[in-house]
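# Observations on the three-dimensional arrangement
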Amino acid sequence: MPEGLIVKALSGFYYVRPDESTDEEVVQCRARGIFKKKGVSPLVGDRVIFSMTDNGEGTVDQIEKRKTELIRPPIANVGLAALVFSVAEPVLNRQLLDKFLVHIEHAGLDAVIVLTKCDIIEGLPETEQSAARQEMEETIRLYSNVGYDVISTSARGGYGYSEVESKLNQDISVFAGQSGVGKSSLLNAMLPGVSLETNQISHRLGRGKHTTRHVELLALPRGGYIADTPGFSQLDFLELGVDQLGDCFREFRAYADGCKFRGCTHIHEPGCQVKMALEQGDIAKSRYEHYVLFFEEMKEKKRRY
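Note that residues are indexed from 1 along each chain, following the sequence as it is written. Thresholds applied to this predicted model are a pLDDT of at least 70 for local features of residues and 80 or more for the giving and counting of side-chain atom pairs; totals over whole chains, interfaces and linings are not thresholded and use all residues. Side-chain figures throughout are based on the complete set of non-hydrogen atoms in the structure, without hydrogens or water.

## Here's the deal with the pairing of strand 2 (residues 13–18)
We apply this condition: Only protein chains enter the calculation, and the probe is 1.4 Å; a residue is then buried if its accessible area is under 20% of its type maximum, exposed if over 50%, and partly exposed in between. Starting at the N terminus, helices and strands are each numbered in turn, a helix being any DSSP run of H or I of at least four residues and a strand any DSSP run of E of at least two. Only strands joined by at least two bridges in the DSSP assignment are considered to pair.
Most of strand 2 sits out of view: 6 of its 6 residues are buried. Burial along strand 2 is two-sided: F13, Y15 and R17 and Y14, V16 and P18, pointing in opposite directions, are all buried. Sheet topology places strand 1 (residues 3–10) next to strand 2; 6 bridges connect them, and they run antiparallel. Bridge pairing in strand 2 places K8 opposite Y15. Here strand 1 folds back onto strand 2 in antiparallel fashion, the turn holding 2 residues, of which S11 has a positive phi close to 55°.

Okay, here's the thing in structure tokens:
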């Protein structure tokens, strides 16, 4: 039986690209009723086994084991999230960046941080140039030390795009990040001739204003797929247990096992190795402050719900 990849889901149909396909051919499929009985739905990104029907369409018969699964957006087997943040206009919001990183770590994805509009710094008034450049350099240094790849790009200068594309060519990737940072320019540069609508992330609510109603995988010229998707529509921590938060900060992991108390929150307990690393400058103050902020936010939401 043929195997393939679900590249789009719409109105109860699943569009499967067969493995042996050499072009843009897809087979429109329905899912077998057994999935509904099991409470399982095929997702975009699923590797599936399907069979052809007499009318030239197909039926999804089996879903292969998923590596990862996202709820919002509903997509399987994503390996990489590209977090897109501008260095100016709007200014880089590290708190929002850390919130995205928490969700991505919890989902088991890798992340690359893409800084856009790097050329804009040169056009700022002299009084603002130095501060913006310092912020950009500090961001690159901070997140590189934590273990993330950080790529500087410029639509006007035309640099950084090939480096981003080389990160995306092995896997299924999603894009997320600050609103108004040039995600559309970046995505459209990856896919010449394809006009993509991307979501806007509200700074205040952390909710997406959807312009795309379905998830679709778009093949990159050099391999891999980009999910054209409404994105992470909610960043509200409801799917994350408060005891899991520390694991979502990569730099905490090396120290957490050495804490005096099991289940240490890294906030008030004595003998906390994470706090000791913070005092010694091995953990960035801004990252720790955001951890405490998110911890309190999660506790407040748990009380409310």
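Structure shown, so let's carry the discussion forward.
## As for helix 5 (residues 161–168)
Our working definition: Directions from the helix axis toward the C-beta atoms define the arc. Contact criterion: two residues are considered in contact whenever any of their non-hydrogen atoms come within 4.5 Å of each other.
Every buried residue of helix 5 is accounted for by Y161, V164, E165 and L168. Taken around the axis of helix 5, the buried residues stretch over an arc of 100°, which confines them to a single face. Looking at the buried positions of helix 5, the neighbouring elements they touch are strand 8 (78–86), strand 9 (110–116), strand 10 (149–152), strand 11 (172–177), helix 6 (183–190) and strand 15 (225–228).

## Re the packing of helix 2 (residues 94–106) against helix 4 (residues 126–146)
Note the following rule: Interaxial angle, 0 to 180 degrees, is taken between N-to-C directions of lines fitted to C-alpha atoms, where a helix line uses only the stretch in contact. Should an angle fall under 35 degrees it is taken as roughly parallel, and over 145 as roughly antiparallel, whereas 65 to 115 is taken as roughly perpendicular and any remaining angle as oblique. For any pair of crossing helices, the crossing counts as left-handed if the nearer helix is rotated counterclockwise from the farther one by less than a right angle, and right-handed if it is rotated clockwise. Each residue receives one of three labels: charged for Asp, Glu, Lys and Arg, nonpolar for Ala, Val, Leu, Ile, Met, Phe, Trp, Tyr, Cys and Pro, and polar for the others, Gly being one of them.
Orientation of helix 2 relative to helix 4, taken along the N-to-C sense of each, is 25°, at an axis distance of 13 Å. Comparing the axis directions of helix 2 and helix 4 gives the class roughly parallel. Considering only the axes of helix 2 and helix 4, their crossing is right-handed. Along its contact with helix 2, which presents R94, L97, D98 and L101, the element helix 4 presents E135, E138, T139, L142 and Y143. Among the residues forming the contact of helix 2 with helix 4, the class breakdown is 4 nonpolar, 1 polar and 4 charged.

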